[in-house]
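Chain and residue survey
Single-letter residue listing:
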Amino acid sequence: MKLRIALSALSATLVLAAATPLPAHAGPPRLGWELKETGVTARLRGLSPVSRDVVWASGSGGTVLRTVDGGRTWQNVSPPDTAALQFRDIEAFDSRRAVALSIGEGTDSRVYRTEDGGQTWTETFRNDEPRAFYDCLAFFDPRHGLAMSDPVDGRFRILATEDGGRSWRVLPSDGMPDALPGEAGFAASGQCLVTAGGRDVWLAGGGAERARVFHSGDRGRTWTVADTPIPAGDPARGVFALAFRDRHRGIAVGGDFRPDQQSPSARAVTRDGGATWQPAATPPPAYRSGVTWLPYPPFAAVAVGPSGSDVTYSGGRSWETFDGGSFDTVSCARDGACWASGEQGRVARLTMK
């Protein structure tokens, strides 16, 4: 059984929410988590906030949740007959339309789409390549998106849609650099594949002698790759999550997901679109599985993992821990609402004071 599935035993869920902008003279805000009761115990590694009111989350046991009232109530809108699947990633476009990815070897890797708020789902892709294992998906806009699989025949495999996830095709691999021995993605937070703008996409790698980040500027047809200072050299180490503020400025987080291992320098930053990466001067103390840029203050971001949450106000150069709870993933909506999620159905909203 693959390492990605073993990751289920690790992190916890919280969904973050929006805060009020700070006055110009104010110092760094004090961050906190406002927990929301979801009524489930699934591990929620997939998260897609649409706004401060509309949030989708997905996870183990074929679970998909939706709220349209800011987390006061949650609807279990799980696709039927999927209790054996793990929905590690979900991308939502609004309160009615969403695309969910289940991970796993062979036919366990599937894509489902809903257009009626989860009342009905259509399976739009089922993997028929036994060596493929899909980890993450990401969209450039409501029509164009990609999903990534661990290497097949020595290269990461990329799946593309041009109709909002209704149909998919495997892209040619001739534009993808060769993978390192043992290199793969980590399906830990739905953030091993991320986009910024209409054409740029980044892919996070781990499990090999070096932790690398791949970049494409043409929606996945051709790629370049760069080494990062994230700890590597072991199947449990590498880049677990990426976040890009724009085409140039990005953050990578990861380390070693085993709880008995410490991962110093498990953060890296880029200012040139991923061509080069530098380690954080003051990294968080341990492995982190999810990261997102905050809408404010400028250059602020939050990273989460099983042992806590950290914030940077310097674009990723230095970090400080503000919470010791367990989280798996974190994301912000376009209106500024930020959420996180993780184990035991935990979802929380980010607050700032």
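In this text, all values refer to a predicted model and were calculated from it rather than measured experimentally.

**Some thoughts on the overall build of the protein**
Within the protein, the secondary structure is distributed over one helix and 28 strands. Relative to the 2.2 N^0.38 estimate, which gives 20 Å for 353 residues, the radius of gyration of the protein is 18 Å and therefore close to what a compact globule would have. If one aligns the C-alpha atoms of the protein with their principal axes, the spans along those axes are about 55 × 45 × 40 Å. Every one of the 353 residues in the protein was classed for burial, and the buried ones make up 63%.

**Quick notes on the sheet that holds strand β28 (residues 347–352)**
Taken in spatial order, the four strands line up as β1-β28-β27-β26 in an open sheet, and their pairing is antiparallel. With partners counted over all chains shown, the strands left at the sheet margins are β1 (31–36) and β26 (329–332), one partner each. Neighbour to neighbour, the strand axes of the sheet diverge by 30 degrees on average, direction disregarded. By the bridge criterion, six bridges tie β1 to β28 in an arrangement that is antiparallel. Of the residues in β28, the one forming a bridge with tryptophan 33 is leucine 350.

**Some remarks on the packing of aromatic side chains**
For the structure on display, the rule yields 13 aromatic pairs. Ring centres of tryptophan 56 and tryptophan 121 lie 6.4 Å apart, and the angle between their planes is 90 degrees; on these two criteria the pair is classed as edge-to-face. Residue tryptophan 56 is found in strand β3 (residues 55–59), and its partner tryptophan 121 is found in the loop between β8 (110–114) and β9 (122–126); the two are separated by 65 residues along the sequence. Note on tryptophan 121: relative accessible area 13%, which makes it buried. Ring plane angle 75 degrees and centroid distance 6.3 Å describe the contact between phenylalanine 139 and tryptophan 168, whose orientation is recorded as edge-to-face. Here tryptophan 168 lies in the loop between β12 (155–161) and β13 (169–170) and phenylalanine 139 lies in strand β10 (residues 133–139), a separation of 29 residues in the sequence. With respect to class, phenylalanine 139 is no different from tryptophan 168; both count as buried. Feature note: the residues Phe186, Phe240, Phe257 and Tyr287 constitute an aromatic cluster, connected by ring pairs.

**Let's talk about the state of the cysteines**
Per the counting criterion, the structure on display carries two disulfides. In this model, cysteine 332 is linked to cysteine 338 through a disulfide, with the two sulfur atoms separated by 2.0 Å. Residues cysteine 332 and cysteine 338 are joined through a disulfide that is right-handed, its torsion about the S-S bond being 100 degrees. Comparing cysteine 332 with cysteine 338, the two get one shared label, buried.

**Brief notes about unusual backbone geometry**
The peptide bond linking tyrosine 296 to proline 297 adopts the cis configuration, its omega dihedral lying at -10 degrees. With respect to the helices, strands and loops of the structure, proline 297 is situated in the loop between β22 (290–293) and β23 (301–305). One non-glycine residue, aspartate 81, lies in the positive phi region at around 60 degrees. With respect to the element layout, aspartate 81 can be found in the loop between β5 (75–76) and β6 (86–92). For aspartate 81, a relative accessible area of 81% translates into the label exposed.

**Section: the nonpolar core**
Nonpolar side chains in soluble globular proteins tend to be buried together. Counting residues in each nonpolar core, the largest one holds 30 residues, and the members touching the most others are Leu193, Leu203 and Leu242. Among the secondary structure elements, those contributing two or more residues to this core are β10, β11 (145–152), β12, β14 (193–196), β15 (200–204), β16 (212–216) and β18 (237–244). In terms of residue count, the dominant contributor to this core is β15 (four residues). Not counting residues up to four positions away in its chain, the partners in contact with leucine 193 are Cys136, Leu137, Ala138, Leu146, Ala147, Met148, Val201, Trp202, Leu203 and Trp223.

**Some words on the pairing of β15**
Most of β15 is tucked away: five of the five residues are buried. In the sheet, β14 pairs with β15 via four bridges, with the strands oriented antiparallel. The residue of β15 that forms the bridge with alanine 196 is aspartate 200. From the end of β14 to the start of β15, which pair antiparallel, there are three residues, and glycine 197 there has a positive phi angle of about 75 degrees. Here β15 pairs with β16 via four bridges, running antiparallel.

**Here we look at the confidence of the model for the protein**
If pLDDT is low for a region, its predicted coordinates should not be looked at in detail. For the protein, the mean per-residue pLDDT works out to 92, and 92% of the residues sit at or above 70. Counted against residues more than four places away or in other chains, residues 3–25, with its pLDDT under 50, gives 125 contacts.

**Focus: the environment of glycine 70**
Mapping glycine 70 onto the fold places it in the loop between β4 (63–67) and β5. Judged by its relative accessible area of 6%, glycine 70 falls in the buried class. Excluding residues that lie within four positions of it along the chain, glycine 70 makes contacts with Lys36, Arg52, Asp53 and Trp339.

**So, the side chain of glutamine 86**
Tracing the chain through its elements places glutamine 86 in strand β6. Polar side-chain contacts of glutamine 86 include one of 2.7 Å to the side chain of arginine 88.

**Overview of the environment of alanine 300**
Following the sequence through the fold, alanine 300 ends up in the loop between β22 and β23. Separated by 13 residues in the primary sequence, alanine 300 and tyrosine 313 place their C-alpha atoms 4.2 Å from one another.

Cut-offs applied
- Residues numbered from 1 in each chain as written.
- Predicted model: local features only at pLDDT ≥ 70, side-chain atom pairs only at ≥ 80, totals over all residues.
- Heavy atoms only, no water.
- Helix = DSSP H or I, 4+ residues; strand = E, 2+ residues; numbered from the N terminus.
- Rg over C-alpha atoms; globule rule 2.2 N^0.38 Å.
- Buried < 20%, exposed > 50% of the residue type's maximum accessible area, 1.4 Å probe, protein only.
- Pairing = 2+ DSSP bridges.
- Axes fitted to C-alpha atoms, helices over the stretch in contact; angles between N-to-C directions.
- Phe/Tyr/Trp six-rings, centres within 6.5 Å; stacked < 30°, edge-to-face > 60°.
- Disulfide = S-S within 2.5 Å.
- Core = buried A, V, L, I, M, F, W, Y, C linked by side-chain atoms within 4.5 Å.
- Contact = heavy atoms within 4.5 Å.
- pLDDT = per-residue confidence, 0-100.
- Polar contact = N/O pair within 3.5 Å; in protein donor to acceptor, adjacent residues only side chain to side chain.

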